Structure formats: structure tokens, C-alpha cells
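What follows is the residue order along each chain.
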Amino acid sequence: MALTLGAALLWYLQFFNAFNVPYYDFFSYQENALRYLQLQPPESFKRLPLFPGLIGLLSLVMPGPHPILQAAELLNLLLAPLCLWLIARITRQFLGARASLVVVALCAVNPVMAFSVVQPLSEMTILTCVLLVVDLSLRGSRWAYVAAFFASLTRYEAVLLIPALVLQDRLGATGNRKARSLAWGALASIGIVMW
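Nothing here was measured: the structure is a model prediction, and the numbers come from that model.

### As for the packing of aromatic side chains
Given two aromatic rings, their pairing is described by the distance between the two centres and the angle made by the two planes.
Right, on to step 1. Taken as a whole, this structure holds 9 aromatic pairs when the rule is applied.
Right, on to step 2. With a centroid separation of 4.9 Å and an interplanar angle of 65°, the aromatic rings of F45 and W195 are classed as edge-to-face. With a gap of 150 residues between them, F45 in the loop between α2 (26-37) and α3 (50-59) and W195 in the segment after α11 (190-194) connect regions that are remote in the sequence.
Right, on to step 3. Both rings, one in Y145 and one in W184, keep their centres 6.2 Å apart while their planes meet at 25°; by these two values the pair is stacked. With Y145 in helix α8 (residues 143-151) and W184 in helix α10 (residues 175-188), this residue pair connects regions lying 39 residues apart in the sequence.
Right, on to step 4. Overall, the relative accessible area of 28% leaves W184 in the partly exposed class.
Right, on to step 5. Lying over the aromatic face of Y29, R47 brings its terminal NZ or CZ to 4.9 Å of the ring centre.

See the structure below:
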């Protein structure tokens, strides 16, 4: 698995900062990141705050004339192996270790995945959060609600993960976990409700 993740990362590095003009959606994330750094609310609430907030913070330590662009590209590059590792953890539960390695390799070379890694867009942040929710929920961890909180701040549709977790606990859990599922769901919803 380490060799597969390393090979994928080396392949993605070939395309790092290879585009003269980033994908057009990046500029709205950049605008929001700049506003967050100035402690101002965004002009538009179309883009959720997690990705612009992360690239804004990461840009503070980036050199060069385009620190937010480099921060977005670096963040996606760093999240790619984590996503592939989470895919391996999830698929291993259903398919076994060898088959999960094949799935990870296929995901790594998938053109959509490669595009998401090398473009300064929020897709890798979304994918990381969603995979983390799935992995933690399959393991029965309450931390899945924390992951769902962050997922809900990456894309509006990801908020559906919160009621899905509550429903999973209400139908499958017992004792305190079942009783507390509504409270955990309410807490996980605070971010998107405030937004």
C-alpha cells in the first residue's frame, strides 16, 4: 500500500503547478480566502468556508507571488494520499487486502481523481471529509459526527451525511449511542446552520 500511495504521489507531483491558468472556480475560493484573512465575511455565501479557510491559513506560510494558489495546490496534493488510504481502509472491510489495493490503484489513476488533485479546487477536501465520515461510521466511531460537521462545511449536499449518521445510529445502535444520536446530529449541524 505504501508503494502504491508513493507512486500515486510521485505521479501527481509531475502535474503540480503545471497549469498557467487555474480552473475558473478557484478565483471565488481565493476571494473568500482573502476576505477570511482580513476577518471579513464573504460577499457571497455560495462557497462554503472550509476550503477557502484552509487555503487562506496555509497561504500564510507559502512563498512566491501566488501564495493562495500554491496553498490550494499543496493542500490537494497532501490530501490525495490520505484519500487513497481511506479508500483502502473502507474497501478492505468488504473486499479484503489484495482487492482493496487494486481499488486504490484504479482510483489513483482515475482521470477525475488526478484532475481533482492537481487543480486548486475543493474536491479533495470534500472527498477527504466524506471518506472520513464513511470510514468512521463503518467502525462505529462517534468521531464520524465531527467529520460530518466538517463535510457539511465543504459542500451543501454533504449536510445529508448528518441525518444519515443519526438514522444509522437510531436503527442500528443500542444504549447510550442510540439515545445520544440526535444530540450528536444537532451538534454536527451547528456549522451549517450558523453559515
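### Re the nonpolar core
Right, on to step 1. Core analysis: the biggest nonpolar cluster contains 32 residues, and Y12, I55, L84, M113, V117 and M124 have the highest contact counts within it.
Right, on to step 2. Of all the secondary structure elements, the ones that give two or more residues to this core are α1 (2-13), α2, α3, α4 (67-95), α5 (97-109), α6 (111-118) and α7 (123-138).
Right, on to step 3. No other element matches the 14 residues that α4 contributes to this core.
Right, on to step 4. Formed by 16 residues, the second largest nonpolar core is a distinct cluster that contains V133, L136, L165 and A188.

### Overview of a nonpolar patch on the surface
Right, on to step 1. On the surface, a cluster of nonpolar side chains totalling about 530 Å² of accessible area is made up of V21, Y23, Y24, F27 and F115.
Right, on to step 2. For Y23, a relative accessible area of 31% puts it in the partly exposed group.

### A short note on the pattern of salt bridges
A side chain of one charge can pair with a side chain of the opposite charge if their charged atoms are brought near each other.
Right, on to step 1. A full pass over the atoms with the stated rule returns 5 salt bridges.
Right, on to step 2. Across the pair D25 and R47 runs a salt bridge whose closest N-O atoms are separated by 3.3 Å. With D25 in the loop between α1 and α2 and R47 in the loop between α2 and α3, this pair connects stretches of sequence that are 22 residues apart.
Right, on to step 3. A relative accessible area of 16% means that R47 is categorised as buried.
Right, on to step 4. A salt bridge links E43 to R35, with the shortest nitrogen-to-oxygen separation between them at 3.5 Å.

Parameters and conventions
Residues numbered from 1 in each chain as written. Predicted model: local features only at pLDDT ≥ 70, side-chain atom pairs only at ≥ 80, totals over all residues. Heavy atoms only, no water. Phe/Tyr/Trp six-rings, centres within 6.5 Å; stacked < 30°, edge-to-face > 60°. Helix = DSSP H or I, 4+ residues; strand = E, 2+ residues; numbered from the N terminus. Buried < 20%, exposed > 50% of the residue type's maximum accessible area, 1.4 Å probe, protein only. Lys NZ or Arg CZ within 6 Å of the ring centre and 35° of its normal. Core = buried A, V, L, I, M, F, W, Y, C linked by side-chain atoms within 4.5 Å. Patch = residues over 30% accessible without salt bridge, like charges linked within 9 Å, V, L, I, M, F, W, Y side chains within 5 Å. Areas by Shrake-Rupley, 256 points an atom, 1.4 Å probe, with all protein chains shown as cover. Salt bridge = Lys/Arg side-chain N within 4 Å of Asp/Glu carboxyl O.

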